[in-house]
Amino acid sequence: MKLKKVLALVLALAMVLALAACGGDDKKPDGDQPSNGSQTGEPSTPSEPSEPSGSGADVSSLNVGVFYYNYSDVYISTVRAELDKQLDSLGVKYTDYDGNTTQSTQMDQVNTAITNGANLLIVNIVENSSPDAAQNVINAAKEKDIPVIFFNRDFDKSAINSYEKCAFVGTDPAEAGHMQGKMIADYLLANYEATDLNGDGAISYVMFKGQEGNVEAEYRTQFSVEDANTQLTGAGKKELTYYAGDSAATKYLVDPNGAWSSAAATNYMDTVLAEYSEGNNNMVELVICNNDDMAMGAISSLQTAGYNNGSGKTIPVFGVDAVQNAKDAIAAGSMTGTVAQDAVGMASSIVKLLNNFVADGNLMSNTDGMVVDGDSAKIRVPYAAYLG
Amino acid sequence: MEQPALLEMRHISKEFPGVKALDDVSLTVRPGTVHALMGENGAGKSTLMKCLFGIYHKDGGEIVLDGKPVDFRSSKEALENGVAMVHQELNQALTRSVQDNLWLGRYPTVAGGLMVSEKIMSRRTQEIFRELEVTVDPKAIMSTMPVSQRQMVEIAKAVSYDSKIIVFDEPTSSLTETEVEHLFRIINMLRDRGCGIIYISHKMEEILRISDDVTIMRDGQWVATRPAAELTMDEIIRLMVGRELTSRFPPKSNKQGDVILEVQGMSGRYTRLKEASFQLRKGEILGIAGLDGSGRTEVLENLFGVMTREGGSIKLHGAQIENRTPREAIKNGFALLTEERRATGIFGIRNIRENTVISNLKSYLMGGICLSDKKMKEDTDWSIQAMRIKTPSQSTEIRSLSGGNQQKVIIGRWLLTKPEILLLDEPTRGIDVGAKYEIYQLIINLANEGKGIIMVSSEMPELLGVCDRILVMSGGRLAGEVNAAETSQEEILTLAAKYV
Amino acid sequence: MSKESKDLAAKAQWDSKRVLSLVVNNALMIIMIIAAIAIAIVNPNFVSASSIVNIISQTAAYLPAALGIAGCIVLTGTDLSAGRAVGLTACISASLLQVAGSASKMWPNIGTLPIPVVILIAMAIGAVIGAFNGFFVGKFKLHPFIVTLGTQLILYTILLLYVKMGNNGGMAISNLDESYNSFVKGSILPKIAGQTIPNYVIFAILLTALMWFIWNKTTFGKNMFALGSNEEAARVSGVNVLMTTIMVFSLAGAMYGFTGFIEGARIGSNTANTGLNYELDAIAACVIGGVSFVGGIGKISGIVIGVLMLRLIFIGLTMANINQDLQYLIKGGIILFACALDMRKYLVKK
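For every chain, the first residue of the written sequence is number 1, and numbering continues from 1 along that sequence. Starting at A for chains and at 1 for ligands, labels are handed out in the order in which the entities are written. Per-residue local features of the predicted model are confined to residues with pLDDT of at least 70, and side-chain atom pairs are confined, for both listing and counting, to 80 or more; whole-chain, interface and lining totals are unaffected and use all residues. To get the side-chain values, take all heavy atoms of the structure and skip hydrogens and water.

Turning next to the overall build of chain C. Put simply, DSSP H or I for four residues or longer makes a helix, DSSP E for two residues or longer makes a strand, and each gets a number counted from the N terminus. Secondary structure assignment for chain C yields 14 helices and 0 strands. Across chain C, helices and strands are ordered from the amino to the carboxyl terminus as α-α-α-α-α-α-α-α-α-α-α-α-α-α. In this treatment the radius of gyration is a C-alpha quantity, and the globule benchmark scales as 2.2 Å times the residue count to the 0.38 power. The C-alpha radius of gyration computed for chain C amounts to 22 Å, which stays within 12% of the reference 20 Å derived for 350 residues, consistent with globular compactness. Considering only C-alpha atoms, chain C reaches an extent of 90 × 55 × 35 Å along its principal axes. Counting all 350 residues of chain C, 59% fall into the buried class. For chain C, the proportion of contacts with a sequence separation of at least 24, taken over those separated by at least 6, is 76%. For the area figures, the Shrake-Rupley method with a 1.4 Å probe applies, and any residue is considered shielded solely by the protein chains shown. Only carbon and sulfur atoms are counted for the fraction: they give 72% of the accessible area of chain C, which is about 13600 Å². Residues scored as positive are Lys and Arg, those scored as negative are Asp and Glu, and His as well as the terminal groups of each chain are ignored. In plain terms, the charge of a residue is placed at NZ if it is Lys, CZ if Arg, CG if Asp and CD if Glu. If you average the places of the 23 positive and of the 13 negative side-chain charges in chain C, the two averages end up 4 Å apart. Classification of residues uses two cut-offs on accessible area relative to the type maximum, computed with a 1.4 Å probe and protein chains only: under 20% is buried, over 50% is exposed, and between them is partly exposed. Whether two residues touch is decided by their heavy atoms; if any such pair falls within 4.5 Å, the residues are in contact.

On to the pairing of strand β21 (residues 421-425) of chain B, then. Residue and element names in this part refer to chain B. In terms of burial, β21 is a largely internal element, 5 of the 5 residues being buried. When DSSP locates at least two bridges between a pair of strands, those strands are taken to pair. Relative to β21, strand β18 (residues 334-337) runs parallel, the two sharing 4 bridges. Bridge pairing in β21 places L337 opposite L424. Where β21 lies against strand β22 (residues 452-456), 5 bridges are found, and the strand directions are parallel. By the bridge assignment for β22, D425 is matched with V456.

At the junction of the two partners, chain B supplies 31 residues and chain C supplies 24 residues. Taken over both partners, the interface formed by chain B and chain C buries close to 2200 Å², and the fraction arising from carbon and sulfur atoms is 58%. Of all residues in chain B, the largest losses of buried area upon contact with chain C belong to N91, R96 and L104 of chain B, amounting jointly to 24% of the total for that side. By definition, a salt bridge exists where a carboxyl oxygen of Asp or Glu is found within 4 Å of a side-chain nitrogen of Lys or Arg. Viewed at the interface, chain C and chain B are joined by 2 salt bridges. In this structure, K222 of chain C and E118 of chain B form a salt bridge, with 3.0 Å as the shortest nitrogen-oxygen distance. Throughout this description, a polar contact denotes any pair of N or O atoms lying within 3.5 Å of each other; where both atoms belong to protein, one of them has to be capable of donating a hydrogen while the other can accept it, and for residues adjacent in sequence the pair is counted only when both atoms sit in side chains. The interface formed by chain B and chain C holds 9 residue pairs in polar contact (both at pLDDT 80 or more) in total. For the side of chain B that touches chain C, the secondary-structure elements that each account for two or more residues are α2 (75-80), β8 (115-116) and α4 (118-132) of chain B. For the side of chain B that touches chain C, the element with the most residues is α2 of chain B, which contributes 3 residues. Two parts lose some accessible area (1.4 Å probe) when they are put together, and adding that loss for both gives the buried area.

Moving on, we come to the packing of aromatic side chains. Two rings from Phe, Tyr or Trp (for Trp, the six-membered ring) form a pair when their centres are within 6.5 Å of each other. A pair whose planes differ by under 30 degrees is stacked, one over 60 is edge-to-face, and the rest are tilted. Tallied over the full model, the rule gives 28 aromatic pairs over all chains. Plain terms: the ring middles of F155 of chain A and F168 of chain A are 5.9 Å apart, the flat faces sit at 75 degrees to each other, and that makes the pair edge-to-face. In this pair, F155 of chain A is assigned in the loop between β4 (148-151) and α5 (157-161) and F168 of chain A in strand β5 (residues 166-170), connecting sequence segments 13 residues apart. Each of the two residues, F155 of chain A as well as F168 of chain A, counts as buried. Relative to F203 of chain C, the ring of F183 of chain C lies with its centre 5.1 Å away and its plane at 25 degrees, an arrangement referred to as stacked. Placement of the pair is F183 of chain C in helix α7 (residues 178-185) and F203 of chain C in helix α8 (residues 199-217), with a sequence separation of 20 residues. A relative accessible area of 29% means that F183 of chain C is categorised as partly exposed. Following the ring pairs from residue to residue traces out a cluster consisting of Y180, F183, F203, F258 and F261 of chain C. Placement of a positive charge over a ring is assigned whenever Lys NZ or Arg CZ falls within 6 Å of the ring centre and within 35 degrees of the normal to the ring plane. Positioned above the aromatic ring of Y68 of chain A, the side-chain terminus of R80 of chain A is 5.8 Å from the ring centre. When the ring centre of F168 of chain A is taken as origin, the NZ or CZ atom of K378 of chain A, which lies over that ring, is 5.6 Å away.

One water molecule sets the probe size; rolling that probe over the atoms shows where empty space is left. Residue and element names in this part refer to chain A. Cavities and pockets were defined on a 1 Å grid built over protein atoms only: a cavity is a set of grid points that admits a 1.4 Å probe from which the probe cannot escape, a pocket is an open set flanked by protein on both sides within 12 Å along at least five of seven lines, and lining residues are those with an atom within 4 Å of any such point. Grid points are joined across faces, edges and corners, and a volume is the space filled by probe spheres set on the points. Under the counting rule described, the total for this entry stands at 8 cavities of 30 Å³ or more. Taken together, 15 residues make up the lining of the largest cavity; nearest its centre are D73, N152, R220, W260 and Q341. When residues of the lining of the largest cavity are traced back to their parent elements, those giving at least two are α2 (74-90) and α8 (215-234). Residues are grouped as follows: Ala, Val, Leu, Ile, Met, Phe, Trp, Tyr, Cys and Pro are nonpolar; Asp, Glu, Lys and Arg are charged; all remaining types, including Gly, are polar. Looking at the lining of the largest cavity, its residues break down into 5 nonpolar, 5 polar and 5 charged. What lines the second largest cavity is a set of 15 residues, among which D73, V74, W260, N291 and D293 lie closest to the centre. Going through the elements one at a time, α2 and α10 (292-304) are the ones with two or more residues in the lining of the second largest cavity. Here the lining of the second largest cavity is composed, by residue class, of 7 nonpolar, 4 polar and 4 charged.

To continue, consider the sheet that holds β4 of chain A. All names here are of chain A. Spatial strand order, β2-β1-β3-β4-β5-β13-β12: 7 strands in an open sheet with mixed pairing. One side of each edge strand has no neighbouring strand; the edge strands of this open sheet are β2 (93-98) and β12 (371-372). Note that strand β1 (residues 63-68) and β2 share 6 bridges and pair parallel. Paired with V64 across the two strands is Y94, which belongs to β2. The axes used here are C-alpha line fits, helices contributing only the stretch in contact, and every angle between their N-to-C directions lies in the interval 0 to 180 degrees. The sheet contacts of helix α12 (residues 343-360) involve β1, β3 (120-123), β4, β5 and β13 (378-380), and relative to β5 the element is tilted by about 160 degrees.

The next thing to look at is the interface of chain A and chain C. Tallying the contact residues gives 57 residues for chain A and 56 residues for chain C. Between chain A and chain C, roughly 4800 Å² of surface is buried when both sides are summed, and carbon and sulfur atoms account for 59% of that area. At the junction of chain A and chain C, the tally comes to 1 salt bridge. Between R266 of chain C and D270 of chain A there is a salt bridge, with the nearest N and O atoms lying 3.6 Å from each other.

Moving on, we come to the pattern of salt bridges. For the coordinates displayed, the defined rule picks out 46 salt bridges over all chains. Across the pair D145 of chain A and K165 of chain A runs a salt bridge whose closest N-O atoms are separated by 3.0 Å. Of this pair, D145 of chain A sits in the loop between α4 (132-144) and β4 while K165 of chain A sits in the loop between α5 and β5, and the two are 20 residues apart along the sequence. With a closest N to O distance of 3.5 Å, K58 of chain B and D71 of chain B form a salt bridge. Residue K58 of chain B is found in the loop between α1 (45-52) and β4 (60-65), and its partner D71 of chain B is found in the loop between β5 (68-70) and α2; the two are separated by 13 residues along the sequence. Since its relative accessible area comes to 18%, K58 of chain B is described here as buried.

Looking now at the nonpolar core. Nonpolar cores are built from buried Ala, Val, Leu, Ile, Met, Phe, Trp, Tyr and Cys residues. Side-chain atoms within 4.5 Å join them into one set. Counting residues in each nonpolar core, the largest one holds 305 residues, and the members touching the most others are L121, F150, V287 and L354 of chain A, M49 of chain B together with I303 of chain C. No other element matches the 13 residues that helix α3 (residues 49-74) of chain C contributes to this core. Counting residues in hydrophobic clusters, the runner-up holds 68 residues, among them L303, L422, A479 and V482 of chain B.

Between the first and last residue of a helix there are one fewer steps than residues, each counted as 1.5 Å, and that sum is the expected span. With 14 residues, helix α9 (residues 262-275) of chain A ought to run about 20 Å at 1.5 Å a step, and its terminal C-alpha atoms sit 20 Å apart, in line with that. Across the 14 residues of α9 of chain A, 14 count as buried, placing the element largely inside the fold.

Counted at 1.5 Å a residue, the expected span for helix α11 (residues 241-267) of chain C with its 27 residues is 39 Å, and the 38 Å between its end C-alpha atoms agrees. With 24 of its 27 residues buried, α11 of chain C lies for the most part within the structure.

With that out of the way, let us pick up the arrangement of the chains. Once contacts are tallied for each of the 2 pairs of chains in contact, the highest total is for chains A and C. Over all C-alpha pairs, chain A and chain B never come within contact, reaching a minimum spacing of 10 Å.

Below, the discussion takes up the confidence of the model for chain B. With 97% of its residues at a pLDDT of 70 or more, chain B shows a mean pLDDT of 86. The predictor attaches a confidence to each residue, and that confidence, scored 0 to 100, is pLDDT. Mean pLDDT values for the elements of chain B range from 75 in helix α11 (residues 341-345) of chain B up to 94 in β22 of chain B.

All names here are of chain B. With mixed pairing, the 6 strands of this open sheet are ordered in space as β18-β21-β22-β15-β23-β24. Of all the strands in the sheet, just β18 and β24 (477-483) have a single pairing partner and so form its edges. In this sheet, adjacent strand axes meet at a mean angle of 20 degrees when their direction is disregarded. On top of the sheet, helix α14 (residues 403-416) reaches β18 and β21; it is set at about 170 degrees to β18, its chief contact.

This part is about the pairing of strand β6 (residues 83-86) of chain B. Residue and element names in this part refer to chain B. Burial along β6 is two-sided: the face carrying V83 and M85 and the face carrying A84 and V86 are both buried. Judged from the 4 bridges that link them, β6 and strand β9 (residues 165-169) form a sheet pairing that is parallel. What sits directly across from V83, in β9, is I165.

For the rest of this paragraph, the subject is the side chain of D100 of chain B. As for its placement among the helices and strands, D100 of chain B is situated in helix α3 (residues 98-102). Its relative accessible area of 7% is what places D100 of chain B among the buried residues. At 3.4 Å, the side chain of D100 of chain B and the side chain of R96 of chain B are in polar contact. Here D100 of chain B is in contact with Y107 and M121 of chain B together with K222 of chain C, once residues within four sequence places are set aside.

The structure is reproduced here in structure tokens:
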């Protein structure tokens, strides 16, 4: 009996400690703000003011709901950290929500936030293969005359155009693919002989797709290869060949969980490398990934097989996002290139629109220095090639 | 010569929310004797034993074992201190082997307790089985064995603890006559060793034969403790029930009419029933006797569509019927009271009303959609009254009723479907004497109302006392048919052994 | 019919029955072999040495978690927290074994810890998570489905918070120390048929042997089966039900911890996403391998076959270049088929 009680106590204590330890860390300047708690207006880190508020209007009357599609997405985490920081230094009251990759969860959160008095929504929509989900959010906001700033996950402009107090900050989903394609072609044209391991004059590649039906994933998968091919054939080289040949059901391998995860890339890459190797004279010569996390997974597998260790043979691996460990890998020579999604630029653009609204009630009143679509209130934060 | 007591339970009391389960009960067991504990269901026998065994914690009183006061907080402690128990409900790990069950909770280990030694386990199992003359494969998986063999394993397990006190809680309910004899040999052996045996049973013949002392309980209280030699069956019943039961069986008043059911050459596809043919008349009570596993239950379940028939025909009022599924059988006016009430009869955690109306829901539909609470309530009230069910209310969970009352609820359930033929499988199993009488009366009344009744029982006096005719099954076949008024237990037993 | 011909007929019938029951009882194995042959015909590389090593390696990576969860299933339970526990321990293992001095090191003040220490930490964290589950299951009689559903969510928060701690700020945890990589992915075995066999295969074999011993040869293992088969019987026989339950879940947790340690290096990049849905694969593997939700039934060999089967589906489809979408259909079909076969054994025909 006594043992049981002691055990119960120990367990309870362990949980509390674990939570306390995690919570405690949030106070550190480098760390992040607590996830779901409401923030009060005091700037927590006066040492790092990032976005001057600029307008004299009253930001303290704002009650902002920020809806993320998934907390566990590394890139989104970076945006969140940056946005939290900027909102804090502005003194804006805000609440973060995790949609946990479920559109219905996010919609419930939006409705709850609105009833809870939110008067500005910043939404990273979960479901973006059709504009319907975004339209639902817009309709809910319209009813209360609340402005909405969408970001990151793009959808059809029809929804944005249906409400004037609504804007989108994101990237051009095709751009990352185009940029990746150019980067790949540039690299190959400079290192063609070295890359073409079997000397057959063509580069065989494997493509890791993050998820089916996602606009970014679709465009990256398509344009990276298309653009590279155009550039390669223009320079008199052969087109890229899919490692499994033209008969393959799809010319990409997709994460079974749709989670853009490194684990899926590792398992696939292990399987691919079991069949395709230099010994068989059919080694995969190029790895293209929709995001950096999958690139890291593929690299892990390549390293097990004796490649990409910084010295010796390196199979070029390209990703998207330029998250920190990808940059480290590029610096270490185990990865070749990535496309930088500008998390800071994304957050700054969102905050700029927020300030516009505070100043004169119009989100798009001041878009100096920003790339705006001609036919809708969509702001494109540019990508940048990152080669280290 | 007064021996010091081996076990003394003094002034034990135990209260459950709202019920005083034990009220100042005392029990003294002398070494080398069998002490029978009797009482109707709900009298507190099992509760008393569970207090001894550490499953319940008593509220008051003291227990002295071998001169030392003890208070076990768990079964483990009780076992370690020389108190073992054969539980009424077989609590066994069915997916495991015989010897795994036998040594559960005290596996012999080697290598400093790190490793269980199958060798030692197997050797000791064989030793015990040899000593007790049990012929069971120690490596056999429990679920593949018949209930009676599993029961013997349970008995062997209790003996293997080398306990000073062994409690047998209804050990013979699933044993055949030979196995009962076997058990008695084991008990006598333990008695000769100086163990104290506490023996709980409803079967009075057994009690009078095996026990030295008898303690009788009623409503959670001690009633009497007498030497078995001084007691008669009637005396025991009087003490248990607290009033005179002039007869164990009500007078038979049913009149037989025309033949309503005719079964020809019925066989089971997966079961051992072969070529059974018989008739049933209106208002008749037809008994089915036989040893365990002789195919008694199979007759009922093949008839009711629970089991798949291989051949034969069933005629109801001269018209051919199929009864391929229970649904079809119910539609044809059959009702089956199953053998294992707890497993296949009651919905334990649901209330009496739901248990009453479940087979008859269609008739409470209003407009085909909504169930009428009022009608269900009326019918349940009728059932409670007609069956004389003792319950605080309709919304009482059925599992809190005594076995007899549960059985009455189920009979009531079937009567609501207006059956013409009632199939009763062991209708009085696990029911105390007083309640049995009421069930018998109920059966005779139903026959009087013109229902045809087929009743399976392993208690022969009951068949002789209630039925008109008795079919005797043996080895899956119909061994014979006797007139209940003219036959004897010996004749039935001879028939029952015909195809064994 | 003469007696002899009757006997003959009976014998023949018995034979065909026996063949049928043999086929049915081994249906999964037979299907697996047929599928393997079919894939090998489409793509002969499937049975090449390197491919077989890959199949074995991936099986080894997923095996420990399945071995752990199987114990919970034997107790008629389940464990939904496995995936998140793997994720958390993977992130913790990785964060403690990053290259010293690198800018992105999560805990710059903690040097690269010795590997055995990290293994112990990962397994201890897993075991505590498991003990927590087991305590709620055993003490409050909650269904493990509910308990572990709760724990899984709690763990996700801890995981999300953890990856933002220190220097990390929500980034993937990588840049792992060479000692860690080589301990997990390197090979101490000589090359077999020109193929390196990564160390984690050896670990999986050792763990499988250990689990077999625990399940079959120890008091704890036998108590676990008895408890899964009939809790009340175990209790009245003097088995400490609460403690056994806690230990089963705890052992499972330690296995997740070990899986986390392996995955940390095998995948090389650890995020809050790591371990996602691992429990579903592990449960599926157990069920396919005949660990029954009825309780008290299961064999280590079955679990190995179950994990192998799932990896064969994944790898086979990739190598046969079959549309990836079909993977779910085949997985789902196999699970239903396996369970139906399994339950057949317990259905008594009347």
